[in-house]
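Structural overview
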Amino acid sequence: MSLFKEIDYGTPAAAATETETVTLNIDGQNVTVPKGTSIMRAAQMVGTTIPKLCATDSLEAFGSCRLCLVEIDGRRGTPASCTTPAEEGLVVHTENDKLNKLRKGVMELYISDHPLDCLTCSANGDCELQDMAGAVGLRDVRYGYAGANHLDAPTDTSNPYFQFEASKCIVCSRCVRACEEVQGTFALTISGNGFESKVSAGVEEDFMSSECVSCGACVQACPTATLMEKSVAEIGTPEHSVETTCAYCGVGCTFNAEMKGDQVVRMVPSKSGKANDGHSCIKGRFAFGYSTHKDRIMKPMLRENTSDPWREVEWEEAISYTAKRFMEIQEQYGRKSIGGITSSRTTNEEVYVVQKMIRAAFRNNNTDTCARVCHSPTGYGLNQTFGTSAGTQDFASVDETDLMLLIGANPTDAHPVFASRMKKRLRAGAEIIVCDPRRIDMVETPHVKASIHLPLLPGSNVALINAFAHTIVEEDLADWDYIKERCDKESFDSWLAFIKDPKNAPEAVAHLLGGDAEQVREAARRFAKAPRGSIYYGLGVTEHSQGSTMVMGMANLAMLTGNIGMNGAGVNPLRGQNNVQGSCDMGSFPHEFPGYRHVSRDDVRKQFSDAWGVEQDAEPGYRIPNMFDAAIKGDYKGMFVQGEDIAQSDPDTHHVEAALENMDCLVVQDLFLNETAKFAHIFLPGTSFLEKDGTFTNAERRLGRVRPAMASKIGKHEWEVAMEISQAMGYPMHYNTSSEIMDEIAALTPTFAGVSFERLDNEGSMQWPVNDEAPNGTPIMHIDKFVRGKGNFKITEFVPTEEKVTKKFPLILTTGRILSQYNVGAQTRRTENNQWFPEDILEIHEEDAADRNIKDGDLIKIASRKGETTMHALVSDRMQPGVVYTTFHNPLSGANVVTTEFSDWATSCPEYKVTAVQVGITDSMSKWQEQYLAYNEERRKVAEETGETVD
Amino acid sequence: MNNIIASTVVKARELTAEEIKEIEHEKTHYPYTQAVGLEALKIVQKYQGWVSDESLLAVAKYLEIAPDELEGVATFFNMIFRRPVGKHVILLCDSVACWMLGCDSLQGHITKNLGIEYGETTKDDMFTLLPVPCLGACDKSPVMMIGRETYTHLTAEKIDQAIAHYRDGTPVDQDLE
């Protein structure tokens, strides 16, 4: 439930495609509604609230509580208004003595088996059962309270975030249906029958040991205190609410932060959120506790050398010292010896100010962003083929797709709210084909079964996509009319000649794609024949030496089959971080100004030089890997790192650490003393999303407002820090509010021309481009023509990665994420989410395990030519022989100690997904891990001695 | 969704060829596989005597539905047994009509003679006694069922005869049925 109620219409809206309407009369008022609307919903549309308990508009009508009975002229009995559709000419009565008597009778039965502890109940004032007792005028229960009842039913407190107080359950099934219809996990059921009916998690398990993924949809659906956030039980009911945008993944869910003073009581996903439709996952709803975790650093800190203890200072000193150090370095080593990295975790406005600081105050283009290590190939590949560096669709598009081609993405773990939307569409009859080395949940989960799963070897994506295209061309399944009308002929003709080459045939590469050429052909045929085929992908596509090639290959395939420019189709990157799209849009890359305009373009450079009053450099600056190389060489000495833990998240840890150790002045701005901060000279605290005022841009190009639920805990907005450093370095920057920053972005960036905080506040979130051509934004791109004009086919030659398995390193290690943890885990590891996933583990196929005598839980050494680490093993039937898998959420795991220096040829995005390794049982940690622990211990001692607060 | 390594989740068993054959046959009667849940549980019970967790998981996996959903089905229907039962299950109706005509004392009679309460099985695994809400024969109450046979207008004597029949094949008087 939510205290700050959005109107509950009781049943979902009729299908959006329904055009026919019917007019009926409800209590004397005529109302016209789309055909298929329930009487309950129609009544609420004219402001008549019919009593109800089992109905809520996020769930299909169920008709079990019998409170919403109505009378209809000319019909027998008292039908339930939730399950009775509105029809032309109906005359409906929602209130009369007969109905009230029936409803009161129903309520008497409910209350005769419900504790009467309203005053001390956690849902007091926020309980629909209480509301209904009031609505029907319940004053007495004729049955008394002494009969058989469930008042002694035990409470399940196993989940750290919510409790299940069975004694208060009215068995309305809303939780069960939310788990099925909204989340699609099917972890809850009603077990037993009659008086014995009860909500049951799993097969007679508790919530924690069941299949429950802790998304909280059941808690939100519960009309009583039965399923309740523990935070509400502990703190009490919230008193105000702030609508904001989640700061975890690229889905960008809209939430209401329900507050008590400046304390978050709970996060409730907003029904008006266009990215999430009132749904959430465990991270967004529950894992916000890190924002007030004791590890958070609230004061700036300095130290001369990284071996010194940190010294807390006031902001003034920190800012002037940072500016002084940067200027000294530039004086000694030149203008290009410093730079910075922007964060995809911060707002567009904060990113914009940092890149502006680099371009205007540092006077160079040494700006890059953490998107470098995830979706930079997306930006490059889609720009080359379509003309924009972003996904083509909105999330709602999936509701109309006939076939999803899912490549290198694991949405149930990494983009759970969108995964629920995909599963909903799949249950409604769409088909999914999964291309992934690992058997992810989307291959087979309740009510979802991929028609084809191609367990390709990591590193074979381009062979796969070429084999698809080859099949479609060879079997004459292409959309020739579309290509003729929409695509560039010259590029298509040369691509056609390339793709016809037998080396691209499924039969030629089947050994890389799971072995069955006919299955590859069948997948291609199905995609080509689907009326609306969509491609969804993630980092399993981009984080390869041919990441950009693969993105272009998918764009080719979509154009070849006419699947760009309409609902239900498109090329859809599932972006990892809340604002990774935005940080790229904001000009974080060393070669592009805001809006993806190359620094070599004279007109653009003039625009920014004029606006900022500083001559802009035509030379692109360093990319992140170049920064490391230059640092090791001694050419790059100072860096501002905003909210990214490069020491943990970038590949080849030994190399990164060597680079960071070589810096003269490393400035880290973050919530916590992260791994990178170990090498820092200046630490500047940052703000959590609950304190930010700005915008995030999600994977569907949607700009969502981020509103402060509480005052900044560091005494400043985060953008003020970069602004003040810039000022201290002699470049004046003046913004009073983040809204003014967005105004500047809009003025300088054609795709953002129509964006302002005022419009976002009044009209809700918008998808760029928002400008004169698309004043209300652009859900689907490239509808009549591609942004670049004609669609551009690019030749995508398959070149295997140089990272090869050898006798010494016979297995391929690939990496991914898990539901309960988020990336380097800086946030989620500081929440109860650790209960689900306390450490990274190595998943291994039983044959590979048996060869090495490995059993579940054994400590395993993983060695590559780059380094060694250890973790515990899990023998898993998700894996194929020859491939092992792990996550990278915990610094001690050191997953990146083993990853290599190889990267995407076009964008330098690291090849995290392919590392040749050997694994075997060990009894001790790796040298790197021992050093890591020793360092932490040493820091702890220094901190104790000096009174410094350290993570 | 608990700690992955520590998890001691019950694993699905393999369905037998006979079970699969019969489930596949049932599938042809329904528009989609999920609808076959109840029939599949009956088939498994026919061969195994009852539906263990391992069997439930196997059927759920085979039909691509969540174990929890199938658990809801399995526990809703009294005739699906989620615990081991004896060779013969005595279903004694305890709803209003049978109660008015003395089913409680008949239960006492069974309990005394077989040594089992509701929900229990005799030591020799021959009989399990279960209450049932209604067998649809209220006009002939009290009523019980053993196997596929319904016994109406029950008396202690009739019960003894029926039990003897199942125990050693003693013929049952025609008018008992």
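Since the structure is predicted, the reported quantities are computational estimates derived from the model, not experimental observations. (Residues numbered from 1 in each chain as written. Chains lettered and ligands numbered in written order. Predicted model: local features only at pLDDT ≥ 70, side-chain atom pairs only at ≥ 80, totals over all residues. Heavy atoms only, no water.)

Glancing now at the overall build of chain A. Secondary structure summary: chain A contains 30 helices and 37 strands in total. Its C-alpha atoms give chain A a radius of gyration of 29 Å, within 12% of the compact-globule value 30 Å for 951 residues. Projected onto the principal axes, the alpha-carbon positions of chain A cover approximately 90 × 70 × 65 Å. Relative to its 951 residues, chain A shows a buried fraction of 65%. If you take every contact in chain A between residues at least 6 apart in sequence, the share linking residues at least 24 apart comes to 72%. (Helix = DSSP H or I, 4+ residues; strand = E, 2+ residues; numbered from the N terminus. Rg over C-alpha atoms; globule rule 2.2 N^0.38 Å. Buried < 20%, exposed > 50% of the residue type's maximum accessible area, 1.4 Å probe, protein only. Contact = heavy atoms within 4.5 Å.)

All names here are of chain A. Note on placement: Pro-437 falls in the loop between β18 (431–435) and β19 (444–445). Once the C-alpha coordinates of Pro-437 and Cys-218 are considered, the two residues, 219 residues apart in sequence, prove to be 33 Å apart. When residues no more than four places from it in sequence are discounted, the contact partners of Pro-437 are Pro-455, Leu-456, Pro-458, Arg-878 and Gln-880.

Residue and element names in this part refer to chain A. Counting residues in each nonpolar core, the largest one holds 80 residues, and the members touching the most others are Phe-207, Leu-227, Leu-406 and Met-442. Excluding anything up to four places from it in sequence, Leu-406 contacts Pro-411, Met-422, Ile-432, Ile-433, Val-434, Cys-435, Ile-440, Met-442 and Tyr-536. Leu-302, Ala-390, Phe-608 and Leu-684 belong to the second largest nonpolar core, which has 60 residues in total. (Core = buried A, V, L, I, M, F, W, Y, C linked by side-chain atoms within 4.5 Å.)

So, about the domain arrangement of chain B. Split by domain assignment, chain B resolves into domain 1 (2–76) and domain 2 (88–176). Distance from the C-alpha centre of domain 1 of chain B to the C-alpha centre of domain 2 of chain B: 30 Å. (Domains from an automatic or database assignment.)

Another aspect to go through is the sheet that holds strand β17 (residues 403–407) of chain A. Residue and element names in this part refer to chain A. As summarised here, the arrangement of the five strands in space is β21-β18-β17-β22-β23, forming an open sheet in which the pairing is parallel. In the strand order of this sheet, the two ends are held by β21 (452–454) and β23 (571–573), each with one partner. Ignoring which end each strand starts from, the neighbouring axes of this sheet average 20 degrees apart. Taken together, the five bridges between β17 and β18 define a ladder with parallel strand orientation. Looking at the pairing, Leu-403 lines up with Glu-431 of β18. Contacts from helix α13 (residues 461–474) reach β17, β18 and β21 within the one sheet, and its direction differs from that of β17 by about 155 degrees. Helix-sheet contacts for helix α17 (residues 517–529) involve β17, β18, β21 and β22 (533–537), and the interaxial angle to β21 is about 125 degrees. (Pairing = 2+ DSSP bridges. Axes fitted to C-alpha atoms, helices over the stretch in contact; angles between N-to-C directions.)

Together, Val-96, Trp-99, Met-100 and Leu-101 of chain B line one region of the surface with nonpolar side chains, adding up to about 500 Å² of accessible area. Relative to the elements of secondary structure, Trp-99 of chain B occurs in helix α5 (residues 96–100). (Patch = residues over 30% accessible without salt bridge, like charges linked within 9 Å, V, L, I, M, F, W, Y side chains within 5 Å. Areas by Shrake-Rupley, 256 points an atom, 1.4 Å probe, with all protein chains shown as cover. Salt bridge = Lys/Arg side-chain N within 4 Å of Asp/Glu carboxyl O.)

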